[in-house]
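Notes for the structure review
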Amino acid sequence: MGVTSPWNELCRDGIGEDIYSLAAEIYPICRSITGEGVRRTLDHLARHIDLCVREIPTGTQVFDWTVPREWNIRDAYIKNSAGERIVDVQACNLHVLGYSTPVHAKLHLDELRKHVFTLPDQPDLIPYRTSYYAERWGFCMTHNQLMSLPDDLYEVMIDSSLEEGSLTFGEYFHKGDSDEEFLLSAHICHPSLANDNCSGLALLTHLAKRLAGLKTRYSYRFLFAPGTIGAITWLAYNEPIVHRIRHGLVLSCVGDGGGPTYKKSRRSNADIDRAMMHVMRHAAPSPTVLEFSPYGYDERQYCSPGFNLPVGLFQRSQFGRFPEYHTSADNLDFIAPEHLASSYRMICAAIEIVERNCNPINLLPKCEPQLGRRGLYSAVGGDKDGPARSMALLWVLNLADGEHSLLDIAERADLPFRTISEAADILSESGLLTRAC
Ligand code: ZN
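Now for a look at the structure at hand. Only a predicted model underlies this, so the values are computations on that prediction, with no experimental measurement involved.

Read across the sheet, 8 strands follow the order β1-β10-β12-β11-β13-β16-β14-β15 without closing on themselves; strand pairing throughout is mixed. Edge positions in the open sheet fall to β1 (52-57) and β15 (288-290), since each of these has one partner strand only. Here the strands of the sheet are splayed against their neighbours by 20° on average, with no regard to which way each runs. Bridge count for strand β10 (residues 166-174) against strand β12 (residues 219-225) is 5 bridges, and the pairing is antiparallel. By the bridge assignment for β12, Gly 170 is matched with Phe 224. Across the face of the sheet, helix α6 (residues 194-211) comes into contact with β10, β11 (181-187), β12 and β13 (245-251) while running at roughly 145° to β11.

Structure follows, in structure tokens:
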């Protein structure tokens, strides 16, 4: 139909594989809310995008919180009396309780059990556990393994450090025509969990990489920060500029085959809320839309009342609702290139909406203009989408009274935004419409 969209460029082939391979690359790294794991992960992302990395010192006051001491881990194991490593953090980094204090001791089984976390209902899986704000040490293992341990004298060793250091986050900024921003944020604080952090980090990195070549209306800010304390720290340092954020999305768990799920911003009727609902309705057979609640990922901070930013949460399966969540089953087999690609396309479609949305005005509003004489019916006919495109022309002309946006028209016409937007382009080229944004 003669209209090309620069947004097709964002979604060209191979995106799912690109995202998956980056997720697989960062999956083995032992991350936490601070420490070398975060830095090493950011190093991997920085091979694709021009990342700005910030270090905020331990002890820095950020609103009601304090940047914690930095945690690093070199090794952790449990050995039996024969000297065999029966639990080894080198084999799976979920084995150590995140933020464990260092320990080196010999214990009998009954003492050891007080420091072991398992999932009795999922006895083959290792749980993911942390203790950021209470000092303790611990191990995680499968329930079956714990049940099979004989009484013995076990050597436990956690070679970790909790010291003055810093909290690390990374940002990538794409400058658009306007200073108004679209914020995209993913957490970087989980160890080897593929869906719950690697998928979002990898998807946003590749989105940033492809967006870099495009001229955009909005500026785009990509934030890779540890959950909760990272978002709080970023907000504390960026308070003077957050008013520029016009749209925002937190991404997590974007690589599994469930959902899609969208949790609305606290405002509940922000442009991003409407855009995501529209996109999901046209992209998926049974999307789930949730009202805002003050629990979840970093939308909790962005949507706290002192900020109230238009930021929603996009996921495939809802966190906490899938059995693999926060266990060793959230591994690279649980995510797939096709699901990553479809999540990516939905985010791109929402970006396309906020980029192209405007309130058009019909320049010949008295009765219908003659479309046939202008060759406009033939311009949209010829394939199976021809009738929808013809209807799109009529809907745009009818609702282009300055009161309705293209998204309003798409919703009213029950047609995908792009069909409506392309119809508006054709009408503009024919001199029947102005589409000043
Ligand atoms: Zn999580």
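So much for the structure itself; the text now carries on.
Let us now look at the side chain of Thr 216. Counting through the fold element by element, Thr 216 comes out in the loop between α6 and β12. The exposure class of Thr 216 is buried, given its relative accessible area of 3%. Apart from residues lying up to four places away in sequence, Thr 216 is in contact with Trp 7, His 174, Lys 175, Gly 176, Asp 177, Leu 211 and Glu 355.

Take the state of the cysteines next. For the structure shown, the criterion picks out 0 disulfides. Considering cysteine sulfurs only, Cys 253 is the nearest to Cys 198, which forms no disulfide, with 11 Å between them. Relative accessible area serves as the criterion here: at 0%, Cys 198 is assigned to the buried category.

Counting through the fold element by element, Glu 239 comes out in the loop between α7 (229-238) and β13. Residues Glu 239 and Phe 307, 68 residues apart in the sequence, show an inter-C-alpha distance of 8.7 Å. Discounting chain neighbours no more than four positions away, the residues touching Glu 239 are Phe 63 and Phe 307.

Here we have 4 strands laid out as an open sheet, ordered β5-β4-β9-β6, and antiparallel in their pairing. Each edge of the sheet is formed by a strand with only one pairing partner; in this case those strands are β5 (85-88) and β6 (103-108). Neighbour-to-neighbour, the strand axes of this sheet turn through a mean angle of 20°, independent of strand direction.

Quick look at the environment of Leu 340 now. Within the secondary structure, Leu 340 sits in helix α10 (residues 337-356). Judged by relative accessible area, Leu 340 falls into the buried class, the value being 0%. It is 9.7 Å that separates the C-alpha atoms of Leu 340 and Asn 195, two residues lying 145 residues apart in sequence.

Gaps left between atoms show up when a probe the size of a water molecule is rolled over them. Evaluated as defined, the whole model comprises 1 cavity of 30 Å³ or more. Of the pockets and cavities examined, the largest cavity occupies roughly 70 Å³. The wall of the largest cavity is formed by 14 residues, among which Arg 31, Val 96, Gly 98, Tyr 128 and Pro 191 lie closest to the centre. Its residues placed into classes, the lining of the largest cavity shows 8 nonpolar, 4 polar and 2 charged.

Rules used throughout
- Residues numbered from 1 in each chain as written.
- Predicted model: local features only at pLDDT ≥ 70, side-chain atom pairs only at ≥ 80, totals over all residues.
- Heavy atoms only, no water.
- Pairing = 2+ DSSP bridges.
- Helix = DSSP H or I, 4+ residues; strand = E, 2+ residues; numbered from the N terminus.
- Axes fitted to C-alpha atoms, helices over the stretch in contact; angles between N-to-C directions.
- Contact = heavy atoms within 4.5 Å.
- Buried < 20%, exposed > 50% of the residue type's maximum accessible area, 1.4 Å probe, protein only.
- Disulfide = S-S within 2.5 Å.
- 1 Å grid on protein atoms, 1.4 Å probe; cavity = no way out; pocket = protein on both sides within 12 Å on 5 of 7 lines; lining within 4 Å.
- Points joined across faces, edges and corners; volume = space filled by probe spheres on them.
- Nonpolar A, V, L, I, M, F, W, Y, C, P; charged D, E, K, R; others polar.

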